[in-house]
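So the chains spell out like this:
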Amino acid sequence: MASTSLHREYKFSILVPAADYYAQAGAGEKVLLQGVVDCCIEENGRLCIIDYKTDAVRTDADIAQRSAYYTGQLRAYAAALTRIFGMEVSDCVLYFLAAGKTVKIAQKDLH
């Protein structure tokens, strides 16, 4: 499959409901969500987010722990890009440079 578009170092800023991130947020409160997505490609009308990590991880246990840690970040990226581009995010992938390992984050963890 060939991608139809590629975005590198994509900067975004959007207002989101504060309750999405803070349990104690009041009704109607908003927060500014800003980020920079390392790479996002579009394939068949859906997005794939790729995030490169420089963590000094080597073992599968270390990679699993760091992947869990970064899932919230990818969840925020997926929500933001879905809203910005009006497309579903099909995949979110972490690539750990030091280990040369790729981890796909499960769809159920992105919602």
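The coordinates are above.
These notes cover the structure that comes with them. (Residues numbered from 1 in each chain as written. Predicted model: local features only at pLDDT ≥ 70, side-chain atom pairs only at ≥ 80, totals over all residues. Heavy atoms only, no water.)

Our focus in this paragraph is helix α1 (residues 60-85). Of all the bends in α1, the greatest measures close to 35° and is centred on Y70. Those residues of α1 lying buried are I63, R66, S67, Y70, T71, L74, A76, Y77, A78, A80 and L81. Once α1 ends, the next one or two residues include G86, with phi positive near 70°. (Bend = angle between axes of the 7 residues up to and from the residue. Helix = DSSP H or I, 4+ residues; strand = E, 2+ residues; numbered from the N terminus. Buried < 20%, exposed > 50% of the residue type's maximum accessible area, 1.4 Å probe, protein only.)

On to the nonpolar core. In this structure, I49, L74 and C92 are the most contacted members of the largest nonpolar core, which totals 25 residues. Listing elements by their share of this core, those giving two or more residues are β1 (5-17), β2 (30-43), β3 (46-53), α1, β4 (89-96) and β5 (101-105). Beyond its immediate stretch of four places on either side in the chain, L74 contacts I49, D51, C92, L94, I105 and L110. Counting residues in hydrophobic clusters, the runner-up holds five residues, among them C39, I41, I50 and V93. (Core = buried A, V, L, I, M, F, W, Y, C linked by side-chain atoms within 4.5 Å. Contact = heavy atoms within 4.5 Å.)

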